[in-house]
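Reading the structure
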Amino acid sequence: NGIEEIKNVASSIDWMICVSQKIQRNLMNLGIINTKVIYNGVNQYEFEKNNNNFNIISVGYFTISKNFDILIKAFAKVIKKIPKARLTIVGDGILKDSLINVSDELGIGKYVTFTGALDNYEVNKLLSKSNVFVLPSSPEGFGIVYVEAMNNGCIVIGTRGEGIDGFVKDGVNGFLTNVDVNEISDRIIDIFNNKYDDIRNRGYSDAKELTWDNNVKCYIELLGECGEKKD
């Protein structure tokens, strides 16, 4: 019933706006072709950046889809190779205690910091002091925190095939992995060993384009096209 309702809506409008290529692909698989991708804007903070460290950070509500347990298990492998590595997880939710237990059972509890929920300003401040941002979400529409991380100089590791795939281009402005402990840990270790400043800089410049002003411009241009069609 939901799919038919979406098709009915799409048939009566000029354009259906998607916040990611994944959502656009899903609609096109339903035969809906009047779609366009317009990314949301992000809050643009200008903190002094300190990304030359071994800090890994992740941000999100503690739900199953965020796969924080996979990240913690991956970090347990990272710290064996990179003893200076540290993991900060920002957020809260019903899985908090179980996630703390996972880190303790793996013997890495003292290297993992759970900050609890923070406001957007404080989240971005922590991002500016981190090297790598990882969020192995699945499913995911388009996580704006990935872009906030890029905007603060982090190298981002997102989930292949999910909402951020398309804005993050693997090996160009960030990295994409499957939701897999070994794949994620190998990529983090690789980043620490090779720095990838070119990818960091490209991610930063791409994230700078996702302002609310640019978002508004895209909608104004699209509304102009709709007006021209009707004329």
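The rules we used
Residues numbered from 1 in each chain as written. Predicted model: local features only at pLDDT ≥ 70, side-chain atom pairs only at ≥ 80, totals over all residues. Heavy atoms only, no water. Axes fitted to C-alpha atoms, helices over the stretch in contact; angles between N-to-C directions. Helix = DSSP H or I, 4+ residues; strand = E, 2+ residues; numbered from the N terminus. Parallel < 35°, antiparallel > 145°, perpendicular 65-115°, else oblique. Left-handed = near helix turned anticlockwise from the far one by under 90°. Contact = heavy atoms within 4.5 Å. Nonpolar A, V, L, I, M, F, W, Y, C, P; charged D, E, K, R; others polar. Pairing = 2+ DSSP bridges. Buried < 20%, exposed > 50% of the residue type's maximum accessible area, 1.4 Å probe, protein only. Polar contact = N/O pair within 3.5 Å; in protein donor to acceptor, adjacent residues only side chain to side chain. Phe/Tyr/Trp six-rings, centres within 6.5 Å; stacked < 30°, edge-to-face > 60°. Lys NZ or Arg CZ within 6 Å of the ring centre and 35° of its normal.

1. Topic: the packing of helix α3 (residues 68-81) against helix α7 (residues 181-194)
Their axes nearest at 8 Å, the elements α3 and α7 cross at an angle of 45°. In this view, α3 runs oblique relative to α7, as classed from their interaxial angle. You can see that α3 and α7 cross each other, and the crossing is right-handed. Contacts between α3 and α7 involve Ile70, Lys73, Ala74, Lys77, Val78 and Lys81 from the former and Val181, Asn182, Ile184, Ser185, Ile188, Ile189 and Phe192 from the latter. Split by residue class, the contact of α3 with α7 holds eight nonpolar, two polar and three charged.

2. Quick look at the sheet that holds strand β5 (residues 112-116)
Strand order across the open sheet formed by six strands is β5-β4-β3-β6-β7-β8, with parallel pairing between neighbours. Taken across any chain shown, the strands that pair with only one partner, and hence form the sheet edges, are β5 and β8 (175-177). For this sheet, the mean angle separating the axes of adjacent strands, direction not counted, is 25°. Relative to β8, strand β7 (residues 155-159) runs parallel, the two sharing three bridges. Of the residues in β8, the one forming a bridge with Gly158 is Leu176. Across the sheet, helix α6 (residues 144-151) lies against β3 (55-59), β6 (132-134) and β7, angled at about 165° from β7, the strand it touches most.

3. Some remarks on the side chain of Ser185
In this fold, Ser185 is placed in helix α7. The class for Ser185 is buried, based on a relative accessible area of 2%. In terms of polar contacts, Ser185 uses its side chain to reach the backbone carbonyl oxygen of Asn182, at 3.0 Å. Leaving out residues up to four positions away in the same chain, Ser185 has contacts with Ala74, Lys77 and Val78.

4. A look at the packing of aromatic side chains
Here the structure, examined in full by the defined rule, presents 11 aromatic pairs. Arranged with centres 6.3 Å apart and planes meeting at 80°, the rings of Phe142 and Phe167 form a pair that is edge-to-face. Here the residue Phe142 occupies a position in the loop between β6 and α6, and Phe167 occupies one in the loop between β7 and β8, the gap between them amounting to 25 residues. With respect to burial, Phe142 and Phe167 carry one shared label: buried. Here Phe175 and Tyr196 contribute two aromatic rings whose centre-to-centre distance is 5.2 Å and whose plane-to-plane angle is 65°, an arrangement assigned as edge-to-face. Of the two residues, Phe175 sits in strand β8 while Tyr196 sits in the loop between α7 and α8 (197-207), which places them 21 residues apart along the sequence. Taken together, the ring pairs connect Tyr39, Phe142 and Phe167 into an aromatic cluster. Of note, Lys36 hangs over the ring of Trp15, and the distance from its end group to the ring centre comes to 4.5 Å.

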